[in-house]
Each structure stands twice: as C-alpha cells, then as structure tokens.
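Summary of structural features
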Amino acid sequence: MGLTLVDLGVILIYLAGITMFGLRFRKQQRSLRDYFLADNAIPWWAISLSIVAAETSTLTVISIPGLAYDKNFAFLQLVIGYLIGRVIISFLLLPHYFRGELYTAYQLIERRFGKNLRSLSAGLFLLTRAAAEGVRVFAVAIVVKISLGAMLGGLGEFGRDVMAIAIVTALTLIYTFEGGLAAVIWTDVIQIAIYVTGTLVGVYTILHLLPGGWRTVAEVAGAAGKFHVLNFNFSLHDTYTLWSGVIGGAFLTTASHGTDQLIVQRLLSARTQRESKLALLSSGVFVFFQFGLFLLVGAMLFVFYKMYPPAVAFTKTDLVFPTFIVTRMPQVIRGLLVAAILAAAMSNLSAALNSLASTSIMDLYARLRPQSTDDRRLKLARFSTMGWALVLFVLAILARNGGKVVEVGLSIASVAYGALLGVFLLGVLTKRANQAGSMVGMLCGFIFNIYLWQFTKISFTWYVAFGSALTFAVGYVASIAMPSAQTSLRADEQR
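Presented here is a report on the structure given in the accompanying data block. (Residues numbered from 1 in each chain as written. Predicted model: local features only at pLDDT ≥ 70, side-chain atom pairs only at ≥ 80, totals over all residues. Heavy atoms only, no water.)

Each helix and strand in the chain was counted, giving 20 helices and zero strands. Computed over its C-alpha atoms, the radius of gyration of the chain comes to 22 Å, within 12% of the 23 Å expected for a compact globule of 495 residues. Its C-alpha atoms give the chain principal-axis dimensions of roughly 70 × 55 × 40 Å. Going through the 495 residues of the chain one by one, you find that 59% of them count as buried. Of all intrachain contacts in the chain linking residues separated by at least 6 positions in sequence, the fraction that spans at least 24 positions is 86%. When the accessible surface of the chain is summed, it comes to about 18,700 Å², and 66% of that surface belongs to carbon and sulfur atoms. (Helix = DSSP H or I, 4+ residues; strand = E, 2+ residues; numbered from the N terminus. Rg over C-alpha atoms; globule rule 2.2 N^0.38 Å. Buried < 20%, exposed > 50% of the residue type's maximum accessible area, 1.4 Å probe, protein only. Contact = heavy atoms within 4.5 Å. Areas by Shrake-Rupley, 256 points an atom, 1.4 Å probe, with all protein chains shown as cover.)

Attention now moves to the packing of helix α10 (residues 214–223) against helix α13 (residues 273–307). As a packed pair, α10 and α13 sit with axes 9 Å apart at the nearest point and diverge in direction by 90°. Looking at the two axes, α10 sits roughly perpendicular to α13. Each of Trp-214, Thr-216, Val-217, Val-220 and Ala-221 in α10 lies in contact with α13, whose residues at this interface are Leu-296, Ala-299, Met-300, Phe-302, Val-303, Lys-306 and Met-307. Among the residues making up the contact of α10 with α13, the classes are represented as 10 nonpolar, one polar and one charged. (Axes fitted to C-alpha atoms, helices over the stretch in contact; angles between N-to-C directions. Parallel < 35°, antiparallel > 145°, perpendicular 65-115°, else oblique. Nonpolar A, V, L, I, M, F, W, Y, C, P; charged D, E, K, R; others polar.)

In this section: a nonpolar patch on the surface. On the surface, Leu-230, Phe-232, Phe-234, Trp-243 and Ile-247 cluster together to form a nonpolar patch covering roughly 510 Å² of accessible area. Along the polypeptide, Phe-234 turns up in the loop between α10 and α11 (242–258). (Patch = residues over 30% accessible without salt bridge, like charges linked within 9 Å, V, L, I, M, F, W, Y side chains within 5 Å. Salt bridge = Lys/Arg side-chain N within 4 Å of Asp/Glu carboxyl O.)

What follows is about the packing of aromatic side chains. By the definition in use, this model includes 22 aromatic pairs. Ring centres of Trp-462 and Phe-466 lie 5.6 Å apart, and the angle between their planes is 15°; this geometry places the pair in the stacked category. For the cation-ring pair, Arg-24 lies above Phe-25, with the distance from its terminal atom to the ring centre recorded as 5.6 Å. (Phe/Tyr/Trp six-rings, centres within 6.5 Å; stacked < 30°, edge-to-face > 60°. Lys NZ or Arg CZ within 6 Å of the ring centre and 35° of its normal.)

Enumeration according to the criterion identifies seven salt bridges in this entry. For Arg-334, the salt bridge goes to Asp-7, with nearest N and O atoms at 2.9 Å. Linking Arg-334 in helix α15 (residues 333–368) with Asp-7 in helix α1 (residues 5–23), this pair joins segments that are 327 residues apart in sequence. A single burial state applies to Arg-334 and to Asp-7, both of which are buried. Glu-219 is the partner of Arg-215 in a salt bridge, and the nearest nitrogen-oxygen pair spans 3.8 Å.

Attention shifts here to the packing of helix α12 (residues 261–268) against α15. When two helices pack together, their arrangement is given by the angle between their axes and by how far apart the axes lie. Running from amino to carboxyl end, α12 crosses α15 at an angle of 85°, the nearest separation of the two axes being 9 Å. As far as their axial angle goes, α15 and α12 are roughly perpendicular. Two secondary-structure elements touch here, α12 through Gln-261, Leu-262, Gln-265 and Arg-266 and α15 through Ala-351, Ala-352, Asn-354, Ser-355, Ser-358 and Thr-359. Tallied by class, the residues present in the contact of α12 with α15 amount to three nonpolar, six polar and one charged.

With 152 residues, the main nonpolar core has Phe-36, Phe-75, Tyr-97 and Leu-301 as its most contacted residues. Of the residues forming this core, the biggest block, 19 residues, is contributed by α15. Beyond its immediate stretch of four places on either side in the chain, Phe-75 contacts Ile-64, Leu-67, Tyr-82, Tyr-240, Phe-291 and Leu-295. (Core = buried A, V, L, I, M, F, W, Y, C linked by side-chain atoms within 4.5 Å.)

Right, dumping it as structure tokens:
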C-alpha cells in the first residue's frame, strides 16, 4: 500500500492553500517594521504557537518518534530544561530587548559593546543557523522519498531528494518573500494545527489497528521500558539524563530562545513586553505536550511493529513513522499526515528565511550603508530572503549523509549557541566586560565547542553550558587584562 492519487490531491491542495494564504499578507508590508516585526500587531497566543512551530521541523515530527521507538521517553528530561530556560529568558533578557526599538537580538550587543562584536555575533548566527537549517530541510526528502517513491520511480535517489527539497523551498519562499513575518506567523498557526491534528489521527489509527488498543500498548511498551523518563546517572557521554536535561536543556533554550534571531524576532514582534513573556512561557507548556505526543507515537509504533514486523528491517529510526503513514494509514488520512509533516518543514523554513534576512540587512548591510533608505532596505530584504533560500537548498543537499537528523541539527546549533549566550551574559550580568575581551571569550568558546563536537564523545546537550561558561570566564578575564573605554548597558540606556 502507498499513496494514491487522492492522497496526492490532499497534499497538493494543502501546498497550494497554505501558499495562497501566506500571500494574503503581501500588501501589508510597507516598511521594515512591517516586514520584520509584523508592525507589532500580532496577539500573544499566535506568537506562542509560532514559537512552537519555529522550533518544530520535519526532523522533530519524524525523528522524535524514532527516539522512543529505539529507546524510551528520556528525551522529556531535555524538555524540562526547555521550560526552565524560558523562565530565565523572561526575567534576564526580555527586559533589555524592550528598551528601545530593536529589530534583531544583535542590536543589543552593539548597544552594550560596540559594532564589531555585533557584526561578529550576527555572522556567527548566520553561519550556524544556515548549517543547522540545511539539515532540517533535508528531512523533507526522507518523507517524500518514502511517500512518493513509486510515483517518482524514474528518478534516482538523489533526484528524488533534490525534487522534494526544491518544491518545499520554492513554495515557502513565495509567501515568505512577499508577506514577511506576518505571513510567517499566521501560516505557522495554520500549520501547527495541521501537524498536531495529523499526529492525533495517527495515534487513533494505531490504537484502532492494535488488538486490545491502549491496553496492549500499555502492557507491551511498559514491559519494554518505553515509558521510562528519568535517568539519574551523571555521565557527560549519555545524551539524555536528568542532569544534562535540566542543566544542558536550560542553557540550550536560554541560548536558542534568547540569542537566536529565529525566536527573538517573534518575541520582539509582540505588542508589549508582558505579551512577549506570556507568549514565551505558554509556548513551553505546549512544547512539553507536543514532544510527549511524538514520543507516545514512537512507543506505540514499537508495539505495532513488534506484533506486525516490517517486511524489511528499518535502517534508521527516522524511517519508522513515515513508513507507517504510507503503508498502514487509511486513504486521505495518509495524504493529511504527509501534508502535516510538510507543514512542519515549511513552518520552520519560513522562520529561518525571515530571521536570516533580517540579520543580514539590519546587522550587516545597514552598518555598511547607514544612509540607505527604508525602501531600499525593504527591497533588499526580499532579495536577501531569496538568496538564503538558495543557500539552504544547497546545504540541504549536502546534508544527505548525516545521522539521526534531530541530533545532528541540535549539535550544529549548539556549537554556536555557547559562544553567543556567553557574550549576552557578559553584557547583561557584568559592567567590566568590554568588546575586545568579549570577542576573545567568544572565539575561545566557539573553538572549544567545535572541539567537543568533533573530537570528543561528550553529548551535545552539554555544549551550550560548557561553551557559554568558558566564553563568560575568558571574556571577563580578558576584559580586565585589556581595559578600554567601555560603557555599561545601564549607563548607555540612561542617555
């Protein structure tokens, strides 16, 4: 059994519908504030759902069930850290972001340290966000290869991957190019409803196909330890433990949601600081529910394939959920679920394109051309969006030989997050840190995290904690050793 023409029709209707919906916002984009911050007119609940959608990608939808299928619910320990990190951001970083009119997270760095460190921070974000996003976009090819393999039989594996990535990238580019952040956020709201509904339908289908339903799942998965969450072992090599989850997860989220333009841009688009905080904290509750749902699907699929073994053993756990969708789900529902996974991909990609464009224009181009007009910057913002779409397309093709996509993506992002978070903490927690010392600390933290990633077996969940600690310590000591006329953030804000 595979996708039928009816299923394909459902997918095509979704792709056309979401693209047309996003294009509705193109006439509202008259200024950079409209294009990059949606004119601060988005309600908190929409921003909250958009934050969840922005940190959810195809790799989340297909790879998280694979983690539970292979092991257990230990990933939830990391999500506990996600909740703690959001609380830290709400009290430590958000107040600074809402003092003055900011478009990007890295304008705060300039206000505290200077233009050179702002450019360095923005450049590091662009480099690592693009690399991590390329891995996420490639996850689309995994789904399309399984679902449309028979229909694309004339193409080789590489050809199918290229076509899948090209279609999703092109359609996402159309509405992001025209509609800016408003289109991104409101399409996020639609797409999160689609993929959560699709996943719930998947849960119902699995229960319906299993004799005994939930009772069978509880007995078989429970006996196999699939519902086990807490791991109290303290080991830097174990990816999911309580300590790496609470500590590492908190540092990871403080960095990803507090220093990464992908999320900060949404927080800055809120009407007030209070609504921004409400959006951030409520998104944490939804994220916990969402990951719990995806892990539950993985445990249920473990039971299903234990009772009904696949004809060919899975080579990667990322293939488990997409394979079930295509081979076991009813007609139309199959199309809905494939559309749901594509929804997650388009949601995350649109967020990345807009944040990459905003950083490119506001943090780099505007510094080189401070006299450029708002109209010119808006025009270049659209072309920058197009350019980044091409870059991500190429990087997605290059990411074809990675491992478990969710862990590869998080590893790449975590390498930069440590250095970025360390610099932000130097800015908001100290008065003596200066630009030169902070740049030294940032370089040391980044190199150290690359070393951890490439030459050690330390889990990626610790990268941000170690990298930010080293950046902070070296940056502070280097600032004392290289004193300069550095104005503190508080003094700068009082002018």
